[in-house]
Amino acid sequence: MHIHPKITPIYQTSVFKFEDLTELELYFGEPGSRYLYSRNGNPNSDELADKVNELEGGAGAIATGSGMAAILAALLACCQTGDHVLCAADIYGGSSSLLNQELSRLGITVSYVPFELLYDLAPFVQSTTRLLLCETLSNPLLRVADLRRLADVCHGLGLKLVVDNTFASPILTRPLALGADLVLHSVTKYLSGHSDVTAGAVVAADAAVAARLKQIGVLFGLTLSPMESWLAVRGLKTLRLRMREHSHNALAIAECLQRQPAVRAVYYPGLPDHPQHELAREQGAGQFSGMLSILLADDVDVVNRFIRACRRFPFAPSLAGVDSSLSYPLGTSHRSLTPEQQQELGITVGLVRLSVGVEPVEDLLADLEQALKGL
Ligand SMILES: *Cc1c(COP(=O)(O)O)cnc(C)c1O
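All values reported here derive from a predicted model rather than from experimental measurement.

In the vicinity of the ligand lie 14 residues, with Met 68, Asp 164, Ser 186, Thr 188 and Lys 189 positioned nearest. Residue Thr 188 places a side-chain N or O atom 2.6 Å away from an oxygen atom belonging to the ligand. Considering the ligand on its own, with 380 Å² of exposed area, one finds that the protein chains cover 91% of that surface. Across the shell around the ligand, the residue classes tally to six nonpolar, five polar and three charged.

Listed below in structure tokens is the structure:
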């Protein structure tokens, strides 16, 4: 019987069989021709890595057990003890915690660069500085990094540019094409898109760096499971369609919220008054993603009333699913920052982040309007 499934089946196995020693030697002699052990490679995780690599236009990629594992792999592929990295001050809280609390113990130090100084890196560079880590669209204020310009600045100083492209997705922006050296994702977010997978991926522009990533993934055990890989691959198939709807809905919501008296500010790169609107348009292929933040009164009771009143935006501290949600940066993603750092980044009591899903936009607008009315 010949079975020809249209879709890659789930190879839910930790290990693969060999006929004899000759076949074992073929595994080592012809890399990629066979599988040995799922931590080293599995058809499902390889399929995900290949698909993300293709979307990002890389020379090779790995799938990882989480976005955090992807950040770790990217940093370890470029750094060793004694090295120094630069990191955009507007960065995912987990990234700064990893650098501050864990990589610092291994002798990898970090300096944070405020958004306004990102293109003037020279004063931050030490003889041991290896790279700059930044996000295409920052969390939670949706600042837009000019990646082509940043790549030029970094390369002029002998640094690699590592981009966390989670918020934009390769549908909007392909950092490697703009000069970045590595691009990574929390696949948990848009790439999977259904809030049912925890996964990550890292893509390298250079094949030798991709080989380093592969070894780091295997030896640090950062591998993604077959089932999670399969779900992520399924999600990827609709990424282009989802991003269009996320962007469409988020723009309509941003425009509507701008007119609401209870909303003191709307942070969305699709709005013409956003400081990097033109850059966002050009770099995002005319789409602006589904993430936006709003500033309510800096009053915990007001924020709580809003959270309780929202029906279509459950408070769930993640993002980028087909179902809308909201999050609270001060209490979740940016909780471990000092009050001064929170203040500097504009993460105050009234800041609420919306992850706009793909539901009918009228339903989402009606829900937000009724929730704001009660404040
Ligand atoms: C969620 C997130 C991460 C971490 O990814 P996990 O899958 O939760 O480990 C990294 N970067 C950004 C921008 C994120 O939103």
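Right, let's talk about the nonpolar core for a bit. Grouped together as the largest cluster of nonpolar side chains are 89 residues, with contacts concentrated most on Ile 253, Leu 292, Phe 306 and Leu 354. Broken down by element, this core gets its largest block of residues, seven residues, from helix H9 (residues 239-258). Of the domains in this structure, domain 1 (21-236) and domain 2 (239-373) are the two that each give at least three residues to this core. Those residues in contact with Leu 292 that lie beyond four places of it in its chain are Leu 142, Ala 250, Ile 253, Ala 254, Leu 257, Val 266, Tyr 267, Tyr 268, Val 352, Arg 353, Leu 354 and Val 356. With 31 residues, the next largest nonpolar core counts Leu 75, Val 85, Cys 87 and Val 202 among its residues.

Inspection of every chain in the model, using the stated rule, returns nine salt bridges. In this structure, the salt-bridge partner of Arg 34 is Glu 30, at a minimum N-O distance of 4.0 Å. Judged by relative accessible area, Glu 30 falls into the partly exposed class, the value being 41%. Salt-bridge contacts for Arg 105 lead to Glu 102; the nearest nitrogen and oxygen are separated by 2.6 Å. A network of salt bridges, in which partner residues are shared, links Glu 23, Glu 30 and Arg 34.

With respect to the secondary-structure elements, Ser 66 resides in the loop between strand E1 (60-64) and helix H3 (67-78). Residue class for Ser 66 comes out buried when judged on its relative accessible area of 19%.

A few words on the packing of H9 against helix H13 (residues 361-373). Describing two packed helices takes the angle between their axes plus the distance from one axis to the other. Two elements in contact, H9 and H13, have axes separated by 10 Å at closest approach and are oriented at 30°. Regarding the angle of H9 to H13, the classification is roughly parallel. Like other packed secondary-structure pairs, H9 and H13 cross with a definite hand, here right-handed. Taking contact as the criterion, the partners of His 248, Asn 249, Ala 252, Ile 253, Cys 256 and Leu 257 in H9 are, on H13, Val 361, Leu 364, Leu 365, Leu 368, Glu 369 and Leu 372. Here the residues of the contact of H9 with H13 sort into nine nonpolar, two polar and one charged.

On to the pairing of strand E5 (residues 160-164). For E5, a buried count of four out of five residues is recorded, marking the element as mostly surrounded by other parts of the structure. Here strand E4 (residues 129-135) pairs with E5 via five bridges, running parallel. Directly across from Leu 133, in E5, lies its bridge partner Val 162. Between E4 and its parallel partner E5, the chain crosses via helix H5 (residues 147-156), and the hand of that crossover is right-handed. In the sheet, E5 pairs with strand E6 (residues 182-186) via three bridges, with the strands oriented parallel. Across the sheet, the residue bridging to Asp 164 is Leu 184, located in E6.

The rules behind the values
- Residues numbered from 1 in each chain as written.
- Predicted model: local features only at pLDDT ≥ 70, side-chain atom pairs only at ≥ 80, totals over all residues.
- Heavy atoms only, no water.
- Near = heavy atom within 4 Å.
- Polar contact = N/O pair within 3.5 Å; in protein donor to acceptor, adjacent residues only side chain to side chain.
- Areas by Shrake-Rupley, 256 points an atom, 1.4 Å probe, with all protein chains shown as cover.
- Nonpolar A, V, L, I, M, F, W, Y, C, P; charged D, E, K, R; others polar.
- Core = buried A, V, L, I, M, F, W, Y, C linked by side-chain atoms within 4.5 Å.
- Buried < 20%, exposed > 50% of the residue type's maximum accessible area, 1.4 Å probe, protein only.
- Helix = DSSP H or I, 4+ residues; strand = E, 2+ residues; numbered from the N terminus.
- Domains from an automatic or database assignment.
- Contact = heavy atoms within 4.5 Å.
- Salt bridge = Lys/Arg side-chain N within 4 Å of Asp/Glu carboxyl O.
- Axes fitted to C-alpha atoms, helices over the stretch in contact; angles between N-to-C directions.
- Parallel < 35°, antiparallel > 145°, perpendicular 65-115°, else oblique.
- Left-handed = near helix turned anticlockwise from the far one by under 90°.
- Pairing = 2+ DSSP bridges.
- Right-handed = clockwise from strand over helix to strand, strands pointing away.

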